[in-house]
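# Descriptive analysis of the structure
Spelled out, the chains give:
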Amino acid sequence: MTNYDFRTLSPTDFEYFVCDLINAEFGLRLHSYPAGRDQGIDLRQVDPQDKVTVVQCKHYAGSTWSDFRKSALKEAAKTGARSADRYMLATSLPLTAPNHSKIVKELRGLGLALAHDDVLGARALNDALINHPEVERRHIKLWLSSSTVLEDLINSGRWRRTEALLEETLDRVRFWVEPPAYAEVLHVLREKGVCVVAGPPGAGKTFLAEMVALAASHEGWEVVHVSNAIEAWDLLRNDDTPRLFYYDDFLGQAELKMTAADEGPHLESFIARVRKLKGHKRLVVTSREQVLRQASMANSESLSRIISAPMPHLITLSSYDVKTSAEILFNHLYFSDLSNIERQRLAVDSRIINLVQHPSYNPRMVATVVDRITSSTSADALLDQLGQVLDDPRELLRVSFQALDASAKELLLTLATFRARPIRLEELKELCGQAVTSLDWKGVWQSLEPAWVRVGVSGVMRSLTFANPGCRDFLLSLLDDIELAGERIDRTRRFEQLATLTQAAGLLRGAPNSHRPERAELAYTLISRRDEIAGLTDYMVQQELAVAASEAASFRLLSEAAALAAIYGSAESARWLWNRVSSVNLAQRFVPTIDGLSLAVRLRDVPSEDRIAANTQIKTLTRRAVASIATLRDLDAYEALPRDLHDVDTHDIARSKAAQVISVELEQLIDSTSSAYMLREALLDLQERAEWYGHSLDIDRFLDRADELAASDGGDFAKWPENSSASSLMQEATAQIRSTFGRFDDPAG
């Protein structure tokens, strides 16, 4: 039994919901009409016999019976309502039996033609939903408002990796406005299996992808939030579980991330695999447009193929239509602390028309400004501030940052020198050192929430992340100053911080524009202190290697150290790194394939006192990494190696390992796969892989097994959410904006 209170719906959301529900329940074909001077008409149908049905929607959840009654009678007295052949009234206010009878009697007294059941209160709407689950499914904000959704998604196992992400998304859902791209993303996922959602900072890429994921989870799909392509491969099992993979900022937030080239081969093969298994596996990823461009120019064949090839699965969020932009601003204001009087002033202020159509308009800027609204904020001040931020998007962050005390600034700048990930509060406090006292520490980080940071909790451990990527971008831009950059280098305590600063400066070898750094003064400061940074790299990496959690972690650390040694190192300062590689080779230590090959590739650019000996070390390391091949992902990494590392001896090792991997994979495939489609595609993949290594693989008898399964295979498992919209678009942009904000004229709206 459903029991929604409809409080997460805006008046516009409520109207669209009522339109869909009444159409389904009563077999009508109602259409919505803009707010404002509507003559008492929100929804209307004119049938072939010219009979007119009119519906008035009153979103009065949390309001009083007296206010509702007054407004309902006022609207019913208008010309459009009184001339209808049938009049209906829907409200989110719970109606008692006496109140229901009273309003019906009073509406009839005005000459309206309505039956007793044509007045629907909150209970009647919930009862009708029981018969129409497709309407409930279509209106995401409705079912996400249920207090049991979070617990259900987590306990059912349909949402994996982080409860914090799910909780944050559910908290923001009341602001959701369905953009035109939402339906397109769903279509691409159904047809192609993979969708890349790209756009400028703050355009709403992440929110859109999260809503797609939540809709999928509601349909029974397991949602897996992954942070890298290698991890995603670990979760791509040969089973029939409908699974949606969600990968936010898969190439990096502000710039192409250091590990993007290493992930390229795995991501490329993962995308290809998901597209073949689109009936049960799907992938949605987000990226900034400029990072996509960087990837297309990067020194990585895999990344270039992923980005530069024709991409029917690429959706670009460059701008919103006027209707969506107006609704986004309306929703944020509707759920803000702005007083009703100030909202009504907004409805008649012509400045709001220009703001909605401003060239710099984006949802994040709207959210940032509106989040600062208090009950004492005036409409005039709000519009002025929003205009200033849209004219200069960095101004709000600049003013906010300058107002912080020294301790808060130090915390933020320290956090910015790490990758975009949660950092433990205890670690941040240690890294800030004497700049933040123990007595003030709690007050410092709490003062930054929620404008600058968000706090994550796991057990008794707290961590901080930036409230949005724009905060980190702004702070890194401040470091493009010789004096500030020098101070930050002096305060660096972790190797990851050195790597982040190097990446922020645009100095990474093989990255686009590495010959023309993005932040010239930061790059100059780093290069001018190259000997010092090379020494810091040596010291920090040696310290962190001593406590590395695994061999794979050690090799990842060495690989990143090699990337920095190629920039700042000399033959002398890089000697420790070559000695470390030599000791690994001599000690016959296990070398994980993926991370070992990544290190081998990067070592080619590291200075050496003996280039011939260095090349020998690289080839030895490569062979040892290839000798550890145990999975299809390992084979992907080998196949992506540059040609000069594919010598005959190494390929013979890989060929032998490939035969073993393919044999094991084939056996597991037969034992674990019950889908004819998945079995057939996986078999053909294995056959193609075997041929690449010069092996023959007879899969005919297994294809017969696939044919047997096909007879009983039910096809696609879960219904993918279909998009529907009950709204009709206005031709005039100004009229659309005025009609949207005209809803503030209603005291309850």
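Because the structure is a prediction, the values reported are computed rather than measured.

Along the backbone of the protein chain there are 38 helices and 14 strands. Taking all 749 residues of the protein chain together, 54% fall into the buried category. Taking contacts inside the protein chain between residues at least 6 apart in sequence as the whole, the part at least 24 apart equals 75%. Carbon and sulfur atoms make up 48% of the accessible area of the protein chain, which amounts to about 32300 Å² in all.

The next point concerns the environment of leucine 557. Relative to the elements of secondary structure, leucine 557 occurs in helix 30 (residues 551–568). For leucine 557 and leucine 545, which are twelve residues apart along the polypeptide, the C-alpha to C-alpha distance reads 7.5 Å. The contacts of leucine 557, once residues within four sequence positions are left out, are Phe495, Val541, Glu544 and Leu545.

Turning next to the pairing of strand 14 (residues 461–466). Relative to strand 14, strand 12 (residues 423–424) runs antiparallel, the two being bridged by two bridges. Across the sheet, isoleucine 423 pairs through a bridge with leucine 464, a residue of strand 14. The sheet contact formed by strand 13 (residues 453–458) and strand 14 spans six bridges and is antiparallel. Bridged to arginine 454 within strand 14 is threonine 465.

Turning our attention to the pattern of salt bridges. Oppositely charged side chains can form a pair if their charged atoms are brought close together. Per the counting criterion, the structure on display carries 35 salt bridges. Note that glutamate 496 is salt-bridged to arginine 421, the shortest N-O span being 2.7 Å. Of the two residues, glutamate 496 sits in helix 27 (residues 495–505) while arginine 421 sits in the loop between helix 22 (406–416) and strand 12, which places them 75 residues apart along the sequence. Residue classification places glutamate 496 among the buried residues on the basis of a relative accessible area of 11%.

The next thing to look at is the sheet that holds strand 4 (residues 86–91). Judged by pairing direction, the sheet is mixed, and its five strands sit side by side in the order 1-2-3-4-5 without closing on themselves. The two strands at the open ends of the sheet, each matched to only one other strand, are strand 1 (31–32) and strand 5 (119–120). Judged from the two bridges that link them, strand 4 and strand 5 form a sheet pairing that is parallel. If you follow alanine 90 over to strand 5, its bridge partner there is leucine 120. The strands touched by helix 2 (residues 65–76) within the sheet are strand 3 (52–58) and strand 4, with strand 3 carrying the most contacts at an inclination of about 155 degrees.

Attention shifts here to helix 20 (residues 379–391). For helix 20, spanning 13 residues, the distance from its first C-alpha to its last is 18 Å, which sits close to the expected 18 Å at 1.5 Å a residue. For helix 20, the full list of buried residues reads Ala379, Leu382, Leu383, Leu386, Gly387, Val389 and Leu390. In an axial view of helix 20, the angular spread of the buried residues amounts to 165 degrees, which keeps them on one side of the axis. Exposed side chains of helix 20 directed beyond 90 degrees from the buried face belong to Gln388 and Asp391. Elements that come into contact with the buried residues of helix 20 comprise helix 16 (322–334), helix 17 (340–347), helix 18 (351–356), helix 19 (363–370) and helix 21 (395–402).

Right, let's talk about the nonpolar core for a bit. Among the nonpolar cores identified, the biggest contains 98 residues, and Leu412, Trp452, Leu475, Leu526, Leu603 and Val606 are the most heavily contacted of them. Sequence-distant contacts of tryptophan 452, defined by excluding residues within four places in its chain, comprise Leu397, Ser400, Phe401, Leu404, Leu412, Thr465, Phe466, Ala467, Cys471, Phe474 and Leu475. In this structure, Ala90, Ala215, Ala347 and Leu382 belong to the second largest nonpolar core, which totals 85 residues.

Moving on to the confidence of the model for the protein chain. Interpretation of the predicted coordinates at a detailed level should be avoided for regions scoring low in pLDDT. For the protein chain, the average pLDDT comes to 84, and 87% of its residues sit at 70 or higher. Ranking the helices and strands of the protein chain by mean pLDDT puts strand 5 first, with 96, and strand 6 (residues 159–160) last, with 62.

Now for helix 19. For helix 19, the buried fraction is high: six of the eight residues fall into the buried class. Taken together, the buried positions of helix 19 are occupied by Pro363, Met365, Val366, Ala367, Val369 and Val370. For helix 19, the secondary structure elements touched by its buried residues are helix 16, helix 20 and helix 21. The backbone nitrogen of arginine 364 lies 3.0 Å from a side-chain oxygen of the residue at the head of helix 19, namely asparagine 362.

Applying the stated criterion across every chain yields a total of 18 aromatic pairs. Where tryptophan 176 meets phenylalanine 207, the ring centres are 5.4 Å apart and the plane angle is 75 degrees; that geometry is what we call edge-to-face. Of this pair, tryptophan 176 sits in the loop between helix 9 (163–172) and helix 10 (180–192) while phenylalanine 207 sits in helix 11 (residues 205–218), and the two are 31 residues apart along the sequence. For the pair formed by tryptophan 176 and phenylalanine 207, the shared burial category is buried. When the centroid spacing of 4.8 Å and the interplanar angle of 85 degrees are considered together, the rings of tyrosine 334 and phenylalanine 335 count as edge-to-face. Chaining the aromatic ring pairs together yields one cluster made of Phe175, Phe330, Tyr334, Phe335 and Phe741. Lying across the ring of phenylalanine 207, arginine 172 places its NZ or CZ 4.5 Å from the centre.

All right, on to the sheet that holds strand 13 then. With antiparallel pairing, three strands are arranged side by side in an open sheet as 12-14-13. A strand with exactly one partner marks an edge of an open sheet, and here the two such strands are strand 12 and strand 13. Across the face of the sheet, helix 22 comes into contact with strand 12, strand 13 and strand 14 while running at roughly 80 degrees to strand 14.

As for its position among the elements, tyrosine 16 is in helix 1 (residues 11–26). A sequence separation of 27 residues divides tyrosine 16 from leucine 43, and the C-alpha atoms of the two residues are 9.1 Å apart.

Our next topic: the packing of helix 30 against helix 31 (residues 575–586). Viewed as axis vectors pointing N to C, helix 30 and helix 31 meet at an angle of 145 degrees, and their least axial separation amounts to 11 Å. Crossing angle aside, the handedness with which helix 30 passes helix 31 is left-handed. Residues Phe555, Leu558, Ala561, Ala562 and Ala565 of helix 30 form the contact with helix 31, whose participating residues are Trp576, Leu577, Arg580 and Val584. For the contact of helix 30 with helix 31, the residue count by class is eight nonpolar, no polar and one charged.

Moving on: unusual backbone geometry. With a phi angle near 70 degrees, phenylalanine 6 is a residue other than glycine that sits in the positive phi range. Examined against the element boundaries, phenylalanine 6 turns out to sit in the segment before helix 1. Here aspartate 249, not a glycine, exhibits a phi torsion of approximately 50 degrees, which is positive. Within the secondary structure layout, aspartate 249 lies in the loop between strand 9 (243–247) and helix 13 (260–276).

Covalent bonding between the sulfur atoms of two cysteines defines a disulfide. Scanning the model with the defined rule gives zero disulfides in all. There is no disulfide at cysteine 57, and the cysteine sulfur nearest it, in cysteine 19, is 7.8 Å away. Its relative accessible area of 10% is what places cysteine 57 among the buried residues.

Axis separation between helix 1 and helix 16 bottoms out at 9 Å; the angle between their running directions is 115 degrees. Between helix 1 and helix 16, the contacting residues are Pro11, Thr12, Asp13 and Tyr16 on the first element and Lys323, Glu327, Phe330, Asn331 and Tyr334 on the second. Split by residue class, the contact of helix 1 with helix 16 holds four nonpolar, two polar and three charged.

Once that is clear, we can look at the side chain of glutamate 136. Along the chain, glutamate 136 turns up in helix 6 (residues 133–138). Notably, glutamate 136 is buried but unbridged: the nearest opposite-charge side chain belongs to arginine 137, and the N-O separation is 7.6 Å. Discounting residues that sit within four places of it in the chain, glutamate 136 has contacts with Thr2, Tyr4, Leu129, Leu142 and Trp143.

Rules used throughout
Residues numbered from 1 in each chain as written. Predicted model: local features only at pLDDT ≥ 70, side-chain atom pairs only at ≥ 80, totals over all residues. Heavy atoms only, no water. Helix = DSSP H or I, 4+ residues; strand = E, 2+ residues; numbered from the N terminus. Buried < 20%, exposed > 50% of the residue type's maximum accessible area, 1.4 Å probe, protein only. Contact = heavy atoms within 4.5 Å. Areas by Shrake-Rupley, 256 points an atom, 1.4 Å probe, with all protein chains shown as cover. Pairing = 2+ DSSP bridges. Salt bridge = Lys/Arg side-chain N within 4 Å of Asp/Glu carboxyl O. Axes fitted to C-alpha atoms, helices over the stretch in contact; angles between N-to-C directions. Expected span 1.5 Å × (residues − 1). Arc of directions from axis to C-beta. Core = buried A, V, L, I, M, F, W, Y, C linked by side-chain atoms within 4.5 Å. pLDDT = per-residue confidence, 0-100. Polar contact = N/O pair within 3.5 Å; in protein donor to acceptor, adjacent residues only side chain to side chain. Phe/Tyr/Trp six-rings, centres within 6.5 Å; stacked < 30°, edge-to-face > 60°. Lys NZ or Arg CZ within 6 Å of the ring centre and 35° of its normal. Left-handed = near helix turned anticlockwise from the far one by under 90°. Nonpolar A, V, L, I, M, F, W, Y, C, P; charged D, E, K, R; others polar. Disulfide = S-S within 2.5 Å. Lys, Arg positive; Asp, Glu negative; His and termini not counted.

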